[in-house]
Each structure stands twice: as C-alpha cells, then as structure tokens.
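# Chains, contacts and geometry: an overview
Listed here are the chains, written in short residue letters.
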Amino acid sequence: MTGTGTGVGKTVVAAVIAHTLAEEGKRVAVFKPAVTGLDDYAADGPQSEPIGRFEAHRPDHVVLREAARSSQGDEEVAPYRYGPPMSPHLAAELAGEQISREHLLDAARTAATGADALVCEGVGGLLVPLIPTYLVRDLAADLALPLVIAAAPGLGTINHTLLTIEAARSAGLNVEAVVLTPWPRIPSPVEESNRQTIATLGEIEIETLPPLDLAGPQSWPRLRSCAGAEVSSGKVE
Ligand SMILES: Nc1ncnc2c1ncn2[C@@H]1O[C@H](COP(=O)(O)OP(=O)(O)OP(=O)(O)O)[C@@H](O)[C@H]1O
Ligand SMILES: [Mg+2]
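These notes cover the structure that comes with them.

### Some words on the site of ligand 1
Looking at ligand 1, there are 18 residues lining it, with Thr 6, Lys 10, Thr 11, Thr 181 and Leu 212 nearest. Side-chain polar atom of Asp 60 to an oxygen atom of ligand 1: 2.9 Å apart, as the coordinates give it. One of the backbone nitrogen or oxygen atoms of Pro 210 is found 2.9 Å away from a nitrogen atom of ligand 1. Isolated, ligand 1 exposes 630 Å² of accessible area, and the fraction of that covered by the protein chains is 78%. The biggest single contributor to the shell around ligand 1 is helix α1 (residues 10-23), with three residues.

If you want it as structure tokens, here you go:
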C-alpha cells in the first residue's frame, strides 16, 4: 500500500483491505517498515482505545493490526518506530542508528510466514528513503510486492498519481490499482474527470472508497484490490 504522499489515506485503504480479508476467514499479517511521529500520539492517551479514535490516537501499526485481527507484536508489525514526525532515514539518524535493509526484509518475510495475506503499508510516498540510499520503492521491489496507490480525488491528483505510477513501473513494480479516497457521495465534475483521466493516461484500474465510519469496520466495503494481498498469488520473495 503506497500513496501519492503522506496523509493521503494509505492506512485507511490498507485497513479496509486487511479487514476484508480477515472477514473472509484469512490469516492476515500486516507490516509497516517504519513508523515515525509517535510523539504525536504519546500525549493523547493509551493506544488501546477503540478504533473510533482512528487517526488522532492510534499509530498506523496499531490500526493495521486491529483491522487484520492479527496478534503480531509492535516489533513484528513495525520493526523501526520513532518519535519525531519525519522521514525514517532522518528519524533513525537522530536516534543514533541506521535502518537495516536485511532486517527489514527478514521482518517482512517473517510476518508473511504462515499468513494467507500480507498487507504492507509504506511510509509517505514511494520515493521516501528508509535508509539514505534505500527507498520505499526499493523495499517493494526486493519483496516483489504488488502496489495499490492511495490518492486524493481532487485538484492536483492527476499529476501526483501519474508520477507515482510512473515511478513504480520504471522500477518494474506491478501497480494493481489506484484507490481514490475519500470519494465524495456526490463527486464534482472535476473529481469524475480526474478518475477518468488517471484511468486512461495511467492505463490503470481505479477504485473509489467513500467516506467511511472509521469506528465501524463492519460497514466498510470490499475493495477489488484485496486480491493483490494474497501471499499465494503474490509471493513475498
Ligand atoms: N475513505 C475515508 N473515509 C474517512 N476518512 C478518510 C478516508 N480516506 C482518508 N481519510 C482521512 O484521511 C486522513 C489521512 O488518512 P491516513 O491516515 O490513512 O493517511 P496515510 O497516507 O496513511 O498517512 P501517513 O503518511 O501518515 O501514514 C485521515 O484523517 C483519514 O481519516
Ligand atoms: Mg498511514
């Protein structure tokens, strides 16, 4: 699960995919190579509050784990976790450490072991560095993960989304779908046009996700792009 940038709905879409697969009876594992910005949550209370506190009180790895009904520990979902809200490569440097490519690959493969599906959320957009010379895109390529791209429906999204598709394909990555989120109940002509334009110019399937009640997973719709998460068809290499 990648996106056109930060705050575009990656966790929402990944949670919907994980929840749908779990509802189907699949064993779902989740993975996020690095979580930053944990300082933003610390003052807001315990992280075990119900899912209604979605974005304000719960870091991504906690939201993903709950949506998947997984029993993975924090370390297994997100091997690197930092307080400051910044790119992982910088957060690691400020913490006096370096993220290890080998450890990330081991952790992702371990998470996928024994699972029917792996839902992996990136960090920011596709070209965010995990290590100064190793990008989110490199991790996706090393693991041979099919991509779903979360993008906003409105003005500016054509350029951001097509750039992301191009960056993915130029590295040999397979883009399963773009998910426009939150897709308004009554889309404007611009939003409708954006959907068509991205589909045509990006030669890509577009899905839309309506504004969800984030506190009510039972009301969430199914996304067709769930299929890409299945470990049997998309083996984590
Ligand atoms: N379909 C939707 N229904 C309700 N809220 C949505 C929807 N899509 C996106 N949002 C809202 O958009 C915001 C950003 O979503 P989200 O946290 O999933 O982004 P992200 O790309 O994972 O961000 P980050 O880069 O911090 O990981 C949240 O406040 C979320 O509530
Ligand atoms: Mg997120």
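### Structural notes on helix α4 (residues 60-68)
Among the nine residues in α4, eight count as buried, and that is most of the element. Among the residues making up α4, those that are buried are Asp 60, His 61, Val 62, Val 63, Leu 64, Arg 65, Ala 67 and Ala 68. Arg 69 occupies a position one or two residues after α4 and carries a positive phi of about 50°.

### A closer look at unusual backbone geometry
Cis geometry is adopted by the peptide bond preceding Pro 182, which originates at Thr 181 and carries an omega value of -10°. Residue position: Pro 182 is located in the loop between β9 (175-180) and α10 (189-202). Here Ala 144, not a glycine, exhibits a phi torsion of approximately 55°, which is positive. Assignment of secondary structure puts Ala 144 in the loop between α8 (136-143) and β8 (147-151). At Glu 203, a position not held by glycine, the phi torsion is positive, near 45°. Within the secondary structure, Glu 203 is located in the loop between α10 and β10 (206-208).

### Thoughts on the pattern of salt bridges
Using the criterion set out here, one finds 13 salt bridges in the structure. In this structure, the salt-bridge partner of Glu 24 is Arg 222, at a minimum N-O distance of 2.8 Å. Residue Glu 24 is located in the loop between α1 and β2 (28-31), and its partner Arg 222 is located in the segment after β10; the two are separated by 198 residues in the primary sequence. Taking relative accessible area as the criterion, Arg 222 reaches 47% and is therefore assigned partly exposed. Between Arg 65 and Asp 74 there is a salt bridge; the shortest N-O distance is 2.8 Å. Because the salt bridges share partners, they merge into one network encompassing Glu 24, Lys 26 and Arg 222.

Cut-offs applied
Every chain's residues receive numbers from 1 upward, in the order its sequence appears when written. Note on labels: chains are lettered from A, ligands numbered from 1, in written order. This being a predicted model, a pLDDT of at least 70 is required before a residue's local features are given, and a value of 80 or more before pairs of side-chain atoms are given or counted; all residues contribute to the totals for chains, interfaces and linings. Water and hydrogen atoms play no part in the side-chain values, which are based on all heavy atoms of the structure. Nearness here has a simple test: a residue counts as near a molecule or strand if at least one of its heavy atoms is within 4 Å of that partner. Polar contacts here mean pairs of N or O atoms no more than 3.5 Å apart (in protein, one a potential hydrogen donor and the other a potential acceptor; neighbouring residues in sequence count only if both atoms are side-chain atoms). Per-residue and other accessible areas follow the Shrake-Rupley method at a 1.4 Å probe size, with only the shown protein chains counted as cover for residues. Numbering goes from the N terminus for both helices and strands, where a helix is a DSSP run of H or I of at least four residues and a strand is a run of E of at least two. For every residue, the accessible area obtained with a 1.4 Å probe (protein chains only) is divided by the maximum for its type, and the residue is called buried under 20%, exposed over 50%, and partly exposed between those limits. The salt bridge definition used is simple: a Lys or Arg side-chain nitrogen within 4 Å of an Asp or Glu carboxyl oxygen.

Such coordinate-based values are descriptive only and should not be taken to indicate function.
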